[in-house]
Amino acid sequence: MKLHKSLLLSLSLVLLAGLARAQQQYFFPGAGQFDPKVPTPEQFLGYPVGSHYTRHDQVVAYFKELEKTSDRVHLQFIGKTYEERPQLIATITAAANYSKIEDIRKEHVTLADPAKTILGASSPVVVLLGYSVHGNETSSGEAALLTAYYLAANQNPETTKWLQEAVVLIDPSLNPDGRDRAANWHNAYKSFPPVSDPADKEHQEGWPAGRTNHFFTDLNRDWLSAAQVESQNRLAFFHQWYPNVHIDFHEMGTGSTYYFEPSPAGHESPILPKASYDFNATLAKYHVEALDKIGSLYFTKEAFDNVSPIYGSTYPDFFGAVGVTFEQGSSRGIVQESDNGLVTFPFTIRNQLTSGLSTVKGAVAEKLNLFKLQKEFFQTALDQGRANPAKGFIFGDSKDLSLTQKLLDLTLTHRLKVYPLDQDLTVDGKKFEKGKAFIVPSVQPNFRIVHSIFEETAKLKDSAFYDNTSWSVIHAYGLKYAKLKVLPALGSTVDKAPQLKTASALTKSTYAYLLDWSDYNASRALYDLQKRGIRVKATYKPFTVNTAAGKQTFSYGSLVIPVANQEVSADSLYKAVQQAGVVAGLQFQSTGTGFSLEGIDLGSNNIRTVKKPEVALLTGTGITAGEVGEVWFLLNQQLNLPVTKLEAGNLGRTDLSRYSSLVLVSGNYDALDKRSVEKIRNWVNAGGTLITFRNASEWVIKEKFVQEKLYTDSATAKKGQHKD
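Attention in this report is confined to the structure presented alongside it. (Residues numbered from 1 in each chain as written. Predicted model: local features only at pLDDT ≥ 70, side-chain atom pairs only at ≥ 80, totals over all residues. Heavy atoms only, no water.)

**Considerations on the overall build of the protein chain**
Okay, so step 1: Secondary structure summary: the protein chain contains 20 helices and 28 strands in total.
Okay, so step 2: Its C-alpha atoms give the protein chain a radius of gyration of 29 Å, near enough to 27 Å, the size a compact globule of 724 residues would have.
Okay, so step 3: Principal-axis analysis of the C-alpha atoms places the extent of the protein chain at approximately 95 × 70 × 50 Å.
Okay, so step 4: Every one of the 724 residues in the protein chain was classed for burial, and the buried ones make up 57%.
Okay, so step 5: Put simply, the protein chain shows about 30600 Å² of open surface, and 52% of that area lies on carbon and sulfur atoms.
Okay, so step 6: Computing the positive centroid from 76 side-chain charges and the negative centroid from 74, the protein chain places the two 5 Å apart. (Helix = DSSP H or I, 4+ residues; strand = E, 2+ residues; numbered from the N terminus. Rg over C-alpha atoms; globule rule 2.2 N^0.38 Å. Buried < 20%, exposed > 50% of the residue type's maximum accessible area, 1.4 Å probe, protein only. Areas by Shrake-Rupley, 256 points an atom, 1.4 Å probe, with all protein chains shown as cover. Lys, Arg positive; Asp, Glu negative; His and termini not counted. Charge placed at Lys NZ, Arg CZ, Asp CG, Glu CD.)

**Structural notes on the sheet that holds strand β6 (residues 258-259)**
Okay, so step 1: On the basis of which strands lie adjacent, the open sheet formed by seven strands has the order β1-β2-β4-β3-β5-β7-β6 and mixed pairing. At either end of the open sheet lies a strand with only one pairing partner, and these are β1 (73-80) and β6.
Okay, so step 2: The strands touched by helix α3 (residues 56-69) within the sheet are β1, β2 (86-92) and β4 (166-171), with β1 carrying the most contacts at an inclination of about 145 degrees. (Pairing = 2+ DSSP bridges. Contact = heavy atoms within 4.5 Å. Axes fitted to C-alpha atoms, helices over the stretch in contact; angles between N-to-C directions.)

**Let's talk about unusual backbone geometry**
Keep in mind that most residues, glycine aside, have a negative phi and that most peptide bonds are trans.
Okay, so step 1: The step from Phe192 to Pro193 runs through a cis peptide bond, and the omega angle for that step is 5 degrees.
Okay, so step 2: Relative to the helices and strands, Pro193 is located in the loop between α8 (176-189) and α9 (229-241).
Okay, so step 3: Put simply, Trp207 and Pro208 share a cis peptide bond, and its omega is 0 degrees.
Okay, so step 4: For Pro208, the location among the structural elements is in the loop between α8 and α9.
Okay, so step 5: The phi dihedral of Glu84 falls on the positive side, at around 70 degrees, and the residue is not glycine.
Okay, so step 6: For Ala209, which is not glycine, the phi torsion reads 70 degrees and is therefore positive.
Okay, so step 7: Within the secondary structure, Ala209 sits in the loop between α8 and α9.
Okay, so step 8: Take Ala209: its relative accessible area is 16%, and that puts it in the buried class.

**Remarks on the packing of aromatic side chains**
Okay, so step 1: By the definition in use, this model includes 34 aromatic pairs.
Okay, so step 2: When the centroid spacing of 4.2 Å and the interplanar angle of 10 degrees are considered together, the rings of Tyr131 and Phe249 count as stacked. With Tyr131 in the loop between β3 (125-130) and α6 (139-153) and Phe249 in strand β5 (residues 245-252), this residue pair connects regions lying 118 residues apart in the sequence. The pair formed by Tyr131 and Phe249 is uniform in burial state, with each residue classed as buried.
Okay, so step 3: When the ring of Trp223 is compared with that of Phe238, the centres are 6.5 Å apart and the planes differ by 85 degrees; the resulting orientation is edge-to-face. Of this pair, Trp223 sits in the loop between α8 and α9 while Phe238 sits in helix α9, and the two are 15 residues apart along the sequence. By the burial criterion, Trp223 is buried, and Phe238 matches it.
Okay, so step 4: Of the aromatic side chains, those joined through ring pairs into one cluster are Trp223, Phe238, Tyr242, Tyr315, Phe319, Phe377 and Phe378. (Phe/Tyr/Trp six-rings, centres within 6.5 Å; stacked < 30°, edge-to-face > 60°.)

Here it is in structure tokens:
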């Protein structure tokens, strides 16, 4: 019996060693020797790559092991996601390079300065490989493990040369929260043996799926708006380096093969140099060679856009890099049937690994040309800025400093040159006040991002596109701005966003506190007071009254907080108003009288109590997850309001009486059963407010809520009306 067990153990070890060698040969054919001190992903994780979906914590753990066992690998944590997962960057280069890495970085970023000389052959090229921005496009995350292992452990002279001449930056998971959502799904429903039937639950991810982050936001479309914390952390790192080549790894439908750029000629940005796009064809030669060698099918010059800086593969183009999208036909599980035969998870990983390594090879071979491309990119940006009809842009609203602050922060996130307005200025009938408005000149190295934020989208060559064709940020903000035909005198640049609001001490009142409803953060102040149990009113007509700071006019929607008839003492009310001002960054005013100098008095019936909102948001299969995320993010992050997410399928068993508002975004609501529809109807009749978005309005119309005037359409809601 002991001999039998010993024999089985020996056979098992031999079998495992054989499988490890087979997988090594599959992923790294003819790759030569590897440093035995550096464990393979299989050795560390305990399973072959492609047989299981690797969770983000395991990805982080493996990269830590690489740092411990290889002097080529060094880790940097650049932030955390909303779900507290770390965002990781691995810097992989020769040990001699890393010993002077800060000097290399400082020298490299001079490529973005048109006045500085170009780098020479002794300077390393910088390559950034970004994986899994869409969390359920999972092959690239596994490929990140293998790519890092290869660069850390391979001992071929070619690999040694790469690391002497390049700094490779690896972001193994741009969307850790979404990746884990997808990994947990696929691991939970995989079979033994695997099921290739596309209808199997393993291949049919449940709502909201792992594509997006915690707030169901598509991070691949957040590079320009930078609304999400992952994007903000990632951009801060990007601007430390300005890579020469930046790869964004993706997946597409199972029936497709492999895609890399060049993209279609008509799908290029008219404000970028043609040379930037031409270099995609230069790098493509290296991908062609590598994929031909392993017999993988691929296509180029089709389908995908390369126009907008909202994308991870195009934003780098706006900073002189060669940004490239890689797209792999996805297995969406361990194996899945397709018109091209069985698509296996290991196969998809191998293609991503192969093109990642070919990128490093191509970048090293084309290093001097990449330096030239980036240097000339920023030089021609100055020429473009000089030729632009608007010599600059001014923005800022003294009545909405919160929104002004947000846009100022965004311009600095993208490293634009911004100047404070030193004297009052009127442009096109709009008055901009000193210290509360900012000027962004056109003539600057980052003009193309200036254009993307402040100018209308340039005319495009084609009429059919894969995705977004307009992204002018200033119009999305709705903030007061103007184009400048002539620049005023400019002082020093704004290097760090100043706090625009300088709140003075609030005078204690025996009568009422007031807040004008003109600032973006006024709604945050309102909800903060309500959750503290303070009775707040809003005016439906304007009035002018004497305040402790002097005569002031309050417009529609402005808040009135009377001292009388509160459920807290006058002292507690004073503290609550002070705290709400701090939370929202706003200045409340106090008044000792209800008699207005103009307009209605403070006891008017046109000043009405605003009920504290209790908001529910309908979620689930058939409902557009991205729009759910938008509402959730806005209410949660802007108002600090704990919105309840209700599963549509459970609505019939949910007591709606606790909610003042129910939000429906786009989606298919036909799945709601009669009991749920009747429950919504009864709740609306009892005073609940149904708020609909886009296609949800069609469902509401069908259910005749419009005719009964029992809902609020978000598209027609007027500013200043406090609908709960």
